[in-house]
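Coordinate analysis (summary)
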Amino acid sequence: MTHETMSRGLGVLSLVAFVGCATTEPLRTQTQLDERGRTWVTLDATITLARAAPRFSHTARDYVYLAPVETNDAGVRRHYLWLGLGTTVDRGWPWAAPTEAVTLLLTLDGTPIALPLSAWDRDPGGALYRTAAPVYQVQRASVSLDELERVTTAAQVGVQVVGSDGSATRYDLWDGEWSDWVSFVDNGR
């Protein structure tokens, strides 16, 4: 094989690699300005976790939706995990009513991180993300960019939600990739 033939072959491979990269759509961040002048930044990458709820129905599922949020209030930036609890179960029945979520427990490569949950103090916090299943509770967990980065780089991420009654419920990854949040973390630095 001559040097000229090798150069042509490498040129074709480079073009194929470039075209392959060009077809991948980057995840979009969205920015909103609220009535107080606070800027809200979200990423089009919600992680969906689920668990079966067989005591209600063979097909019933409870869901946890997680996504990153940044707020900027006059230059003061804060980062959160948006948490939505959803279900396919009619939680209107008294015996099916869930407890209030108080802590998000993430286990990153075997290391637990407990994140206290709180209600959003203002809109649009609760309505930042849309979900497939109806959401009955929306909370936030304050996080640092370093904690978000640890989530994006972890080989294994475990998720549990601790209720006000002390019960812990484990959820398994249903849809999404934790690594999709890398661009959000990079933009936040």
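Residues numbered from 1 in each chain as written. Predicted model: local features only at pLDDT ≥ 70, side-chain atom pairs only at ≥ 80, totals over all residues. Heavy atoms only, no water.

Digging into the layout of surface pockets
Of the voids in this model, the second largest pocket is the one considered here, and its volume is about 180 Å³. Looking at the second largest pocket, the residues that line it are Gln30, Gln32, Thr42, Leu43, Asp44, Ala45, Thr46, Ala127, Leu128, Tyr129 and Arg130. Going through the elements one at a time, β1 (29-33) and β2 (39-43) are the ones with two or more residues in the lining of the second largest pocket. Looking at the lining of the second largest pocket, its residues break down into five nonpolar, four polar and two charged. (1 Å grid on protein atoms, 1.4 Å probe; cavity = no way out; pocket = protein on both sides within 12 Å on 5 of 7 lines; lining within 4 Å. Points joined across faces, edges and corners; volume = space filled by probe spheres on them. Helix = DSSP H or I, 4+ residues; strand = E, 2+ residues; numbered from the N terminus. Nonpolar A, V, L, I, M, F, W, Y, C, P; charged D, E, K, R; others polar.)

Some details on empty space enclosed by the protein
Tallying each qualifying case throughout the model produces one cavity of 30 Å³ or more. Within this model, the largest cavity holds a volume of roughly 40 Å³. Taken together, Leu81, Leu106, Leu108, Ile113, Leu115, Val143, Glu147, Leu148 and Val151 make up the full set of residues lining the largest cavity. The element contributing the most residues to the lining of the largest cavity is helix α2 (residues 145-153), with three residues.

Observations concerning the confidence of the model for the protein chain
Low pLDDT marks regions whose predicted coordinates should not be analysed in detail. Of the residues in the protein chain, 78% reach a pLDDT of 70 or more, and the chain-wide mean stands at 83. Taking the mean pLDDT of every element in the protein chain, the minimum, 43, falls on helix α1 (residues 3-22) and the maximum, 98, on strand β6 (residues 101-108). Confidence over residues 5-23 falls short of pLDDT 50; this stretch has one contact with residues more than four positions distant or in other chains. (pLDDT = per-residue confidence, 0-100. Contact = heavy atoms within 4.5 Å.)

Side note on the nonpolar core
Among the nonpolar cores identified, the biggest contains 42 residues, and Leu66, Leu81, Leu104 and Trp181 are the most heavily contacted of them. Broken down by element, this core gets its largest block of residues, six residues, from strand β4 (residues 61-73). In this view, Trp181 contacts Leu43, Ala45, Ile47, Leu66, Ala67, Pro68, Leu81, Leu148, Val151 and Thr152; residues no more than four positions away in its chain are not counted. (Core = buried A, V, L, I, M, F, W, Y, C linked by side-chain atoms within 4.5 Å. Buried < 20%, exposed > 50% of the residue type's maximum accessible area, 1.4 Å probe, protein only.)

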